[in-house]
Amino acid sequence: MPEQLSLIDQAERQCLKRGVRFTPIRRRVLELIANSHGALKAYDLLDQLAKEHGAARPPTIYRALDFLIEQGLVHRIESLNAFLACHCPEHQHGFQLLICRGCGRVEEMHDDDLGTRLLASADRHGFSIERQTVELEGRCQKCASQVADMVETAQ
């Protein structure tokens, strides 16, 4: 069985293949996002990066984030104004994000049929989709179970 590449290795290969620069700051921002246990806001990234590179400023972070998003390595969670590493950057189709309102966990989902249906529907309306972000808010299985347990206990 072939060894699975790390997210950073995948990013390096993808950038090399596309002929774009994967600079040390872009790499570090991706590492910070990938190693977090959830989505990170830009200023959280800035705080972490400033500890390592005192010269880190907001434009540095935002330029790195813009690059990582453009390359499909990071997703922006619009409703949270936060960022999440894409764990399958080779995936070229639309994606959906499952956002737990209980614990804050965000999971990436790829329902290609949904993406295809959205593209077809937009086309029927004479609209050309340039970017597709579908965010679904609710509760993960663990949080839903805890809520159900609390309701049952209260009765």
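These notes cover the structure that comes with them. (Residues numbered from 1 in each chain as written. Predicted model: local features only at pLDDT ≥ 70, side-chain atom pairs only at ≥ 80, totals over all residues. Heavy atoms only, no water.)

## As for the side chain of Gln 96
Along the chain, Gln 96 turns up in strand E3 (residues 95-100). The residues touching Gln 96, leaving out its near neighbours within four places in the chain, are Glu 107, Glu 108, Met 109, His 110, Asp 111, Leu 114, Gly 115, Gln 132 and Val 134. (Helix = DSSP H or I, 4+ residues; strand = E, 2+ residues; numbered from the N terminus. Contact = heavy atoms within 4.5 Å.)

## Some words on the environment of Leu 80
Structurally, Leu 80 can be placed in the loop between strand E1 (74-77) and strand E2 (82-85). When its relative accessible area of 32% is taken as the criterion, Leu 80 is described as partly exposed. Here Leu 80 is in contact with Lys 41, Ile 99 and Val 106, once residues within four sequence places are set aside. (Buried < 20%, exposed > 50% of the residue type's maximum accessible area, 1.4 Å probe, protein only.)

## Looking at the nonpolar core
Of all hydrophobic cores here, the largest spans 24 residues; its most connected members are Val 29, Leu 30 and Ile 33. When residues of this core are traced back to their parent elements, those giving at least two are helix H1 (7-18), helix H2 (24-35), helix H3 (42-52), helix H4 (58-70) and E2. By residue number, the principal contributor to this core is H4, which donates five residues. If near-sequence neighbours (up to four positions away) are discounted, Leu 30 is found in contact with Leu 7, Ile 8, Ala 11, Phe 22, Leu 68, Leu 73, Val 74 and Ala 85. Core analysis: the second largest hydrophobic core is formed by six residues, Ile 77, Leu 84, Phe 95 and Val 106 among them. (Core = buried A, V, L, I, M, F, W, Y, C linked by side-chain atoms within 4.5 Å.)

## Structural notes on the pattern of salt bridges
Tallied over the entire structure, the rule returns five salt bridges. Here Arg 28 ties to Glu 52 by a salt bridge, and the two come within 2.7 Å at their closest N and O atoms. Placement of Arg 28 in helix H2 and of Glu 52 in helix H3 is noted, with a sequence separation of 24 residues between them. For Glu 52, a relative accessible area of 39% translates into the label partly exposed. Several salt bridges converge on common partners, so that one network encompasses Glu 12, Arg 27, Arg 28, Glu 31 and Glu 52. (Salt bridge = Lys/Arg side-chain N within 4 Å of Asp/Glu carboxyl O.)

## Points about the packing of H2 against H3
At their nearest, the axes of H2 and H3 sit 11 Å apart, and the two run at 125° to each other. Here H3 runs oblique to H2, going by the angle between their axes. Every pair of crossing elements has a handedness; the one defined by H2 and H3 is right-handed. Contacts from Ile 25, Arg 28, Val 29, Leu 32 and Ile 33 of H2 reach H3 at Leu 45, Gln 48, Leu 49 and Glu 52. Across the contact of H2 with H3, the residue classes tally to six nonpolar, one polar and two charged. (Axes fitted to C-alpha atoms, helices over the stretch in contact; angles between N-to-C directions. Parallel < 35°, antiparallel > 145°, perpendicular 65-115°, else oblique. Left-handed = near helix turned anticlockwise from the far one by under 90°. Nonpolar A, V, L, I, M, F, W, Y, C, P; charged D, E, K, R; others polar.)

## Some words on the packing of H1 against H2
Contact geometry of H1 with H2 gives a least axis separation of 10 Å together with a crossing angle of 145°. Here H1 runs over H2; the crossing is right-handed. Of the residues in H2, those touching H1 at Leu 7, Ile 8, Ala 11 and Glu 12 are Arg 27, Leu 30, Glu 31 and Ala 34. Across the contact of H1 with H2, the residue classes tally to five nonpolar, no polar and three charged.

## Looking at unusual backbone geometry
Located in the positive-phi region is Asn 81, a residue other than glycine, with phi close to 50°. Residue placement: Asn 81 occurs in the loop between E1 and E2. Relative accessible area serves as the criterion here: at 39%, Asn 81 is assigned to the partly exposed category.

## Things to note about H1
Along its 12 residues, H1 runs 16 Å from first to last C-alpha, staying within 8% of the 16 Å computed at 1.5 Å per residue. All buried positions along H1 are accounted for by Leu 7, Ile 8, Gln 10, Ala 11, Gln 14 and Cys 15. Down the axis of H1, the smallest arc covering the buried residues is 155°, so these residues share one side. Exposed and oriented more than 90 degrees from the buried face of H1 are Arg 13, Leu 16 and Lys 17. (Expected span 1.5 Å × (residues − 1). Arc of directions from axis to C-beta.)

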